[in-house]
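Report on the structure
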Amino acid sequence: MTLIKPAARRRSRAPHRDPGGGGKVAALFLTPFFALFLLTMIAPVIYSLCLSFFATKKSGLGFGSTPEVRFVGIENFVVVLSSESFLTGFVRVAIYALLYLPTMIGSALILALLLDTAAVLFRRAFQLLLFLPHAVPGVIAALIWVYLYTPGVSPLVRTLESGGMSVNFFSAELVLPAMVNIAVWEWTGFNVIILFTALQALPREVMEAARVDGAGPFRTALSIKVPLIAPALGISLLFTSIGSLQLFTEPSILATASSAVTSTYVPNMWAYDAAFNRLDLNQAAAASIIVAAVAGVASYLITRINTKGVRA
Amino acid sequence: MRSSIRSALGLAAVAVVVAPTAACGSGDDAASSPRPTAATGEVVFWSSLSNMDLVAQAFNDSQDDIDVVHETVPSGADGYAKLSTAIGAGNAPDVATIEYFALPEFVTSDRLTPLDDYVAEETLNQFNEVSTSLVQLGGNTWALPYDAPPMMVWYRQDLLDAAGVDVPTTWEEFEKAGQAVHDATGSYLASFNANESSWFAGLAWQNGSQWFDAGEDSWTVGIDDDASQEVAALWQRMLDAGTVKAVPSFTDEWTADMVEGRAAGVIGASWSANSIYSRVKDAGQEGKWIAAELPSWGGDIAPLYGGSTYAVPRTSDNPAAAAKFIEFLTTDPRAIEARGDSGSAYLAAFGLTEVAQEAYTTSDFFGNDIWAVFEDAADGTSNDWQWGPNFGITTSAMQEVLTDVGAGEELTDDLSSVQERTVDGLERSGLSIE
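Since this is a predicted model, take the numbers as computed values, not measurements.

On a plain count of helices and strands, chain A comes out with 14 helices and two strands. The dimensions of chain A, computed from C-alpha atoms along their principal axes, are 80 × 75 × 40 Å. By the burial criterion, 34% of the 312 residues in chain A qualify as buried. Within chain A, counting contacts between residues at least 6 apart in sequence, those at least 24 apart form 68% of the total.

All names here are of chain B. The assigned domain composition of chain B is domain 1 (36–148 + 306–351) and domain 2 (151–304 + 369–428). A C-alpha centroid distance of 28 Å is found between domain 1 and domain 2. The interface of domain 1 with domain 2 comprises 17 residues on the first partner and 18 residues on the second. Elements supplying a minimum of two residues to the side of domain 1 that touches domain 2: α4 (103–108) and α6 (129–135). Top element by residues in the side of domain 1 that touches domain 2 is α4. It accounts for four residues. Class assignment of the residues belonging to the side of domain 1 that touches domain 2 gives a composition of nine nonpolar, six polar and two charged.

Time to look at helix α13 (residues 319–331) of chain B. In this model α13(B) runs 18 Å from its N-terminal to its C-terminal C-alpha over 13 residues, within 8% of the 18 Å that 1.5 Å per residue would give. Summarising burial for α13(B): 13 of the 13 residues are buried, a large majority.

Once that is clear, we can look at the packing of helix α6 (residues 138–149) of chain A against helix α8 (residues 175–200) of chain A. Residue and element names in this part refer to chain A. Direction vectors running N to C along α6 and α8 enclose 130°, while the axes themselves pass 10 Å from each other. The angle between the axes of α6 and α8 places the two elements in the oblique class. α8 is crossed by α6, and the crossing has right-handed handedness. Contacts between α6 and α8 pair G138, A141, A142, W145 and Y149 from the former with A178, I182, W185 and E186 from the latter. Here the contact of α6 with α8 is built from residues that sort into seven nonpolar, one polar and one charged.

Counting residues at the interface gives 46 residues for chain A and 57 residues for chain B. Take the side of chain A that touches chain B: its biggest share by element is 13 residues, from helix α2 (residues 21–52) of chain A.

Before going further, it helps to examine the UniProt feature "transmembrane region" (unreviewed entry) in chain A. Mapped onto this numbering, the UniProt entry annotates "transmembrane region" (unreviewed entry) at residues 21–47, 93–114, 126–148, 174–199, 228–248 and 284–303 of chain A. In residues 174–199 of chain A, the share of helix is 96% and the share of strand is 0%. The end C-alpha atoms are 35 Å apart.

With that out of the way, let us pick up the environment of A:A172. Considering the arrangement of structural elements, one finds A:A172 in the loop between α7 (155–162) and α8. On a C-alpha basis, the gap between A:A172 and A:V261 in space is 7.7 Å, while along the polypeptide they are 89 residues apart. Setting aside anything within four residues of it in sequence, one finds A:A172 in contact with A:A260, B:T403 and B:D404.

To continue, consider the sheet that holds strand β8 (residues 151–156) of chain B. Residues and elements named next belong to chain B. One open sheet accounts for three strands, arranged β13-β8-β14; its pairing is antiparallel. Each edge of the open sheet is held by one strand with a lone partner, namely β13 (265–269) and β14 (289–293). On average, each strand axis in the sheet is tilted by 30° relative to the strand beside it, whichever way the strands run. Sheet analysis places β8 next to β13, joined by five bridges and oriented antiparallel. Counted as the bridge partner of M151 is A269 from β13. Helix α12 (residues 272–280) contacts β8, β13 and β14 of the sheet and is inclined by roughly 135° relative to β13.

On to the confidence of the model for chain A, then. All names here are of chain A. When pLDDT is averaged along chain A, the result is 88; 91% of the residues meet or exceed 70. Put simply, helix α1 (residues 6–11) is where chain A has its lowest mean pLDDT, 46, and helix α3 (residues 75–81) is where it has its highest, 95. Predicted confidence is poor over residues 1–14, with pLDDT under 50, and the contacts of this stretch with residues over four places away or in other chains come to one contact.

What follows is about the confidence of the model for chain B. Detailed reading of the predicted coordinates is not advisable wherever pLDDT falls low. All names here are of chain B. Here chain B shows a mean pLDDT of 90. Residues at 70 or above account for 91%. Predicted confidence is poor over residues 1–23, with pLDDT under 50, and the contacts of this stretch with residues over four places away or in other chains come to 20 contacts. Scoring the predicted complex yields pTM 0.87 and, for the interface, ipTM 0.85.

Reading the values: rules and limits
Residues numbered from 1 in each chain as written. Chains lettered and ligands numbered in written order. Predicted model: local features only at pLDDT ≥ 70, side-chain atom pairs only at ≥ 80, totals over all residues. Helix = DSSP H or I, 4+ residues; strand = E, 2+ residues; numbered from the N terminus. Buried ≥ 20, exposed ≤ 12 C-beta atoms within 10 Å, placed from the backbone. Contact = placed C-beta atoms within 7 Å. Domains from an automatic or database assignment. Nonpolar A, V, L, I, M, F, W, Y, C, P; charged D, E, K, R; others polar. Expected span 1.5 Å × (residues − 1). Axes fitted to C-alpha atoms, helices over the stretch in contact; angles between N-to-C directions. Parallel < 35°, antiparallel > 145°, perpendicular 65-115°, else oblique. Left-handed = near helix turned anticlockwise from the far one by under 90°. UniProt positions renumbered as here; feature names shortened; annotations may be inferred. Pairing = 2+ DSSP bridges. pLDDT = per-residue confidence, 0-100.

Below, the structure is given as structure tokens:
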């Protein structure tokens, strides 16, 4: 190891490459990532893509004959995309996202702005309290809420009933908002942290200038802080949108309690049901590829809107 | 340096990609591997039933040639997901538990080994008619039946008394009794379980419906036939009248209804004795529950609800030993004894139910002789009922259309939709449907 002279350190701001050693070190650090990435991400995607162009065709009664694996081109994609239940799944996800995104991001933003103005003592306590639900694993959270929704068992439902309100969270109309509620409960705290961190990083001079110019706390929040943390909001929005598309845990758990939630309720569940209930891996692969493609396009669009919004 | 890293990564990528691609589209070779004909060696046994480890132990103690290794797996859909994946991956057990309704699905997807070469004719004669007919498909025997639980009803005698009605013997009486019980006590005479496709199938089966019929070389699907529609119309009337409640079975809500006396009856099977007892044993309902036969539509068809079979996955390299163990499991009184008190099993093999009855310690919890009722409920014809070549398609379809039962949808329309989706799905998989 050699000592670096102060002058050399100053110069290292310019693009600097250590001839020889850097590549090896980089390779050493990157190999585990790329090995796992290839093995757990790229390989399954390619395998699914391959599966999705084949079909297992039975014949006659189906007994005692080996089903034939045949190349069928895009037939699986046509079948999946013409399946009413698969498309309904996307409609459900869309409704879910429409309810979930504004509610969750909105309340996270309000809470983050409040935290930003609150006294330091309470700030810590509130941060912790807000984040706590996120520490509960998603499946457990869903189970807790299913208990709280179940008629005849839930103290919540009982209280509402004694107040003259008879609510059935498992009904076909209310079960989707009930799911949104679970996700809001689970994820708001996490997003508060992201937005709050962004708020904390804002230059204090700007706030001071706003105050000098006569802006009140509301005006400062809306016209100064929110536009300045737009990139962080964008990241929250991106993660949350992709998370919505991957919706699986909450409906899967709710499906065990309500017949309004079917085994093909959302596209991901449709793929799971195809693979393990209807034993059709090829259709499941095609459905998964479609979900992945939609997620890819959606994230591209959101990133585009995001960068545009930041530039404007 | 750079290029060497890139080529190394490239090579890894190719290796990773080629491996699965090579497997894609081609079947595995497990079937062609040599199989020992002598019944010796290790047999891996997957079961979700309680105390089956004791049965495996009893078998190991009874002989020296075969060593059974018991592994507990999840029941229901999760268990089938695990099993079908394992068969695909080649690490499935030698003996798997498959319910009647799922058996044809495993057969048509070529996941099982037929047992004809390993099981003697006399063994098959030990099982009752209905269970034998459900494990023999296309001229082969694919599994041996364990239990053959008759579908039946469990009532709260005290709530029937409060309403001044007798145990209904016909569905017409059931409908009237439901109204009387609801008027007098506010309880429901039964729940409508949209979550269990085999539950509604059993009710249709009893009325003479044939949901699936394997002909010479093609299937006939009759999910919306007249008999099924008659059953659907009855349940729609009772749902409209509010005398039965639409609630998925085995959920917390369903349990709470039982515990708090809102359920005056349960349409289940012989195994429901255990299911009811474990839920209400602390609710002060001892002696209040009675077993009864299903109300009649006029015929004498005795449908099953639930019931397991034991099959050998095609990936097993020891089917002879596996078949020996399955024979012990399903026909040997020692297997039933070893399991001890593990529920009110009504077994497929003649003479074994008495052994199970002996071991069952909670018969006294019930207000009548449940075992005598089991006999009566099981006494009837099977009507040549068959489960479809992929009942999973029907199950998914039923769940998809029965989302709003009792609140605005018509069961009779739903059945037509299930029929349509089932035929569509089966045809897509290449099967011929009439």
